[in-house]
Amino acid sequence: MAAQATYCVKTEPRYGRGLYATRYLEAGAQVLREDPMVYSLSVGAPVCFSCLSESRGSPLKKCLQCGSVAYCNKECQARHWPQHRLECKGVASMDEGSRANSLRMRLLVQAMYTHGVGGEMYSFGGNDCRCPDVCEKIDSDLNGAEDIAHKSVPKLAPLDRDVGCDLLRKIMCNSFLIFTLPHRQIGEGIYLQGALLNHSCEPNCYYLFEGKTLVIKTLKKVKAGKQLFICYVNPLDPVEHNPDAIWCLYGFMPRCVHCNDVEMDDVTQLQELSNLFEKKDWKGAIQHFKQPYKYKNVTSQIRAAQLHFMATWRLNEELGLPLCAKPVLTALDKYEKLRRTHQYMSPWDTWFNMQELCSMLVIPLAMQGVMAGAA
């Protein structure tokens, strides 16, 4: 007997198209598995560009022409060549900085020339934000994509700029960043069913990857007929989790309560912390937490506690001190208590993989059991 489908596609006025549960789903249930319509990996990603396996034992073999992609063996290289031929010579002609920023350009080339104009991808909505930064980025990516395609395969038909612009706006709204655990971005892909999942800052689903396969699972119990949501941004970071940021990234204004309940003072404080983290100034970050400021928004409080723990952990690691030292465990305990008090279960903690972290810190088995329940 065939298994009953877990979801169906429906359209409703508020959200447009979306995925809905067709039956009751337990927490942790798999909703869908999907391979990408098209994908592209970041130059220098430490995986095979065909099967996405990581190097184990023998090193991956680089493309002799561009040196920017690598494979397990000749079979993987041959399998990936129909895609790589569209970008190989173009990437080879770039300087190092341009290569590092070419991911979206190469994804556009793959989408345009492996699937052509039309098809299901063209039925999706696009990012309608017309702010200068977004328009400038789109124009830059279009120029880069044209250059890559022309230099790689001169016989290709010229890239239609209107079609390319429209497709880029659709990619901005609907693509998924491909990552490995712990949360490390290695590429970007277009998943036709996954793209139908709408945003909520209180999602009932999260996503992860097995190779390039997208896997959607439930965060909590979901009743039949309920819409399935994921969170498009880090729900614990008000710096990016606010209406203006989401509008620029995705071209829609969020309707959920937390997105519209951002305290700008919280944003300023967390932005200062983000700057310290970028500089890897762990001491400065810990000092920042000693100031008298009190976060007003619950998600800001949880995010601050999470950053405090991470800064304490990184400082101990930098100084060569035990990772299971009291300051680290105290910060971790404070973060967990705060999160549990507000019953906040974030998909970003699933990506952070708290269970694996506890093992790394050599936390006593009793505490590992508690933390495993939070992951």
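Whatever comes next refers back to the structure up there.
What you see is a predicted model; the values in this text were computed from it and never measured. Just so you know, the residues in each chain are numbered from 1, in the order the chain's sequence is written. Restriction of local features to residues with pLDDT of at least 70 applies here, the model being predicted, together with a cutoff of 80 or more for giving and counting side-chain atom pairs; totals for whole chains, interfaces and linings are based on all residues. Side-chain calculation: all heavy atoms of the structure are included, whereas hydrogens and water are not.

### Things to note about the pattern of salt bridges
Our working definition: Criterion for a salt bridge: a side-chain nitrogen of Lys or Arg within 4 Å of a carboxyl oxygen of Asp or Glu. Helix numbers and strand numbers start at the N terminus; a helix is a DSSP run of H or I with at least 4 residues, a strand a run of E with at least 2.
For the structure on display, the rule yields 9 salt bridges. Notably, a salt bridge pairs lysine 137 with aspartate 141, separated by 2.7 Å at the nearest N-O pair. Taken together, the residues lysine 137 and aspartate 141, both in helix 5 (residues 132–152) and 4 residues apart, mark about one turn of the helix. Ionic pairing is found between arginine 161 and glutamate 146, a salt bridge with its closest N-O pair at 2.9 Å. Residue arginine 161 is found in helix 6 (residues 161–174), and its partner glutamate 146 is found in helix 5; the two are separated by 15 residues along the sequence. Taken together, the shared-partner salt bridges connect Asp139, Glu146 and Arg161 into one network.

### Details of the nonpolar core
In plain terms, the rule: By nonpolar core is meant a set of buried Ala, Val, Leu, Ile, Met, Phe, Trp, Tyr and Cys residues that side-chain atoms within 4.5 Å join together. Each residue is placed in one exposure class: buried if its accessible area under a 1.4 Å probe, protein chains only, is under 20% of its type's maximum, exposed if it is over 50%, and partly exposed if it falls in between. Any two residues whose heavy atoms approach within 4.5 Å at even a single point are treated as in contact.
Core analysis: the largest hydrophobic core is formed by 64 residues, its most contacted members being Leu108, Ile190, Tyr207, Phe209, Ile216 and Leu228. When near neighbours in sequence (up to four residues on either side) are disregarded, phenylalanine 209 contacts Phe176, Leu177, Ile178, Phe179, Tyr191 and Leu214. Counting residues in each nonpolar core, the second largest holds 12 residues, with Leu270, Leu273, Trp282 and Leu307 among its members.

### Brief notes about the packing of aromatic side chains
So the rule is basically this: Stacked, tilted and edge-to-face are the three classes applied to pairs of Phe, Tyr and Trp rings, where Trp contributes its six-membered ring and a pair requires centres within 6.5 Å; stacked means planes under 30 degrees apart, edge-to-face means over 60, and tilted covers the rest.
Applying the stated criterion to the full structure yields 7 aromatic pairs. A ring pair is formed by phenylalanine 179 and tyrosine 207, whose centres lie 5.8 Å apart and whose planes are at 55°; its orientation type is tilted. Residue phenylalanine 179 is located in strand 7 (residues 176–180), and its partner tyrosine 207 is located in strand 10 (residues 205–210); the two are separated by 28 residues in the primary sequence. Relative accessible area serves as the criterion here: at 4%, phenylalanine 179 is assigned to the buried category. Since its relative accessible area comes to 11%, tyrosine 207 is described here as buried. Ring centres of phenylalanine 179 and phenylalanine 209 lie 5.3 Å apart, and the angle between their planes is 85°; on these two criteria the pair is classed as edge-to-face. Here the residue phenylalanine 179 occupies a position in strand 7, and phenylalanine 209 occupies one in strand 10, the gap between them amounting to 30 residues. Considered together, phenylalanine 179 and phenylalanine 209 belong to a single accessibility category, that of buried residues. Through a chain of ring-to-ring contacts, three or more aromatic side chains come together here, namely Phe176, Phe179, Tyr191, Tyr207 and Phe209.

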